[in-house]
Amino acid sequence: MTSPFPMRFDIFTLFPEVFQPYLVVSILARARRQGAVEVQVHNIRDWTTDRHHVVDDEPYGGGGGMVMKPEPIFAAVEGVLGRPPRAPVILLTPQGRPFTQAVARELARLPHIALLCGRYEGVDERVRQHLVTDEISIGDYVLTGGELAALVVLDAVTRLLPGVLGDPDAPAKDSHAAGLLEHPHYTRPPVFRGWEVPEVLRSGDHGRIARWRREQSLRRTWERRPDLLAQADLTPEERALIARWQTKER
Ligand code: ADE
């Protein structure tokens, strides 16, 4: 069931045109049509008051690069959301807290959030101190701006909203949902270039399939992301299985 009120996203950016193509395809398009999510994209430049619509300036203290000026950002966010803003204002920045599935779940519980996309060397510190309520990074690398990060957050959160995915259990099965990576997937044909789909998946035995998938999921996580295992929700039998893999390896 879709909730009677869409979750609302207000996105503040200097490049609103980058959002549109993603909003009109696939899950995001459907979620908007269904009324599960509403996305408003605002051009920060529209909130400048000078003749040249200047949004950036040189940093105090010198050094290279440009810094986003505070006035148009405050004007845009407060113009749309009120003063003080009626929704959390999240700055996308490599200095933010790491974005994870748990953070996506946390945000999906909120009725309304604002995403602020930085550009250039960053935003004037007073924006972070007096307007922004949360800061999120999508990973330890530096993008040209926060726009891609905002799309990542929008996408990951929207798929968690009630009624958005056809299968109501789908979010629970995703990689990271239970703190583990997902098992491998196969579709037809059963043999492609001589490479077979594992026999168990064609057996029709749902118990066996579920056990195989769970073990594959554990194995993948152990091989690729052992850091996730410490926090994962595992049975004592599963912990013992991993311990056996560990001893075999040595
Ligand atoms: N802006 C630039 N790099 C970023 C990152 N890694 N995460 C979020 N916003 C960003």
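Residues numbered from 1 in each chain as written. Predicted model: local features only at pLDDT ≥ 70, side-chain atom pairs only at ≥ 80, totals over all residues. Heavy atoms only, no water.

**Looking at the packing of aromatic side chains**
Here is the rule we go by: The pairing test for Phe, Tyr and Trp rings, Trp by its six-membered ring, is centres within 6.5 Å, and the orientation test on the planes gives stacked under 30 degrees, edge-to-face over 60, and tilted for anything in between. Helix and strand assignments follow DSSP, with helices taken as H or I runs no shorter than four residues and strands as E runs no shorter than two, numbered in order from the N terminus. For the exposure calls, accessible area comes from a 1.4 Å probe over protein chains only, and a residue counts as buried if that area is under 20% of its type's maximum, exposed if over 50%, partly exposed in between. Two conditions define a charge sitting above a ring: the NZ of Lys or the CZ of Arg must be within 6 Å of the ring centre, and it must be within 35 degrees of the ring normal.
Summed over all chains, the structure comprises two aromatic pairs. Here Trp 222 and Trp 245 contribute two aromatic rings whose centre-to-centre distance is 5.5 Å and whose plane-to-plane angle is 40°, an arrangement assigned as tilted. A residue pair is termed long-range when its members are at least 10 positions apart, and Trp 222 in helix 8 (residues 206–224) and Trp 245 in helix 9 (residues 236–249) qualify at 23 residues. With relative accessibility at 9%, the residue Trp 222 sits in the buried group. Looking at Trp 245, the relative accessible area reads 7%, which means it is buried. Above the plane of the ring of Trp 245 lies Arg 219, whose end atom (NZ or CZ) is 4.8 Å from the centre.

**Examining the site of the ligand**
The following threshold applies: One heavy atom suffices: a residue is near a molecule or strand as soon as one of its heavy atoms comes within 4 Å of it. Calculation of accessible area relied on Shrake-Rupley with a 1.4 Å probe; when residues are assessed, cover is drawn exclusively from the protein chains displayed.
Residues in contact with the ligand amount to 13 residues; listed here are only the nearest, Thr 93, Ile 138, Gly 139, Tyr 141 and Leu 143. Relative to its unbound accessible surface of 260 Å², the ligand loses 96% to contact with the protein. Secondary structure elements with two or more residues in the shell around the ligand: strand 5 (89–98) and strand 7 (134–137). For the shell around the ligand, the element with the highest residue contribution is strand 5, accounting for three residues.

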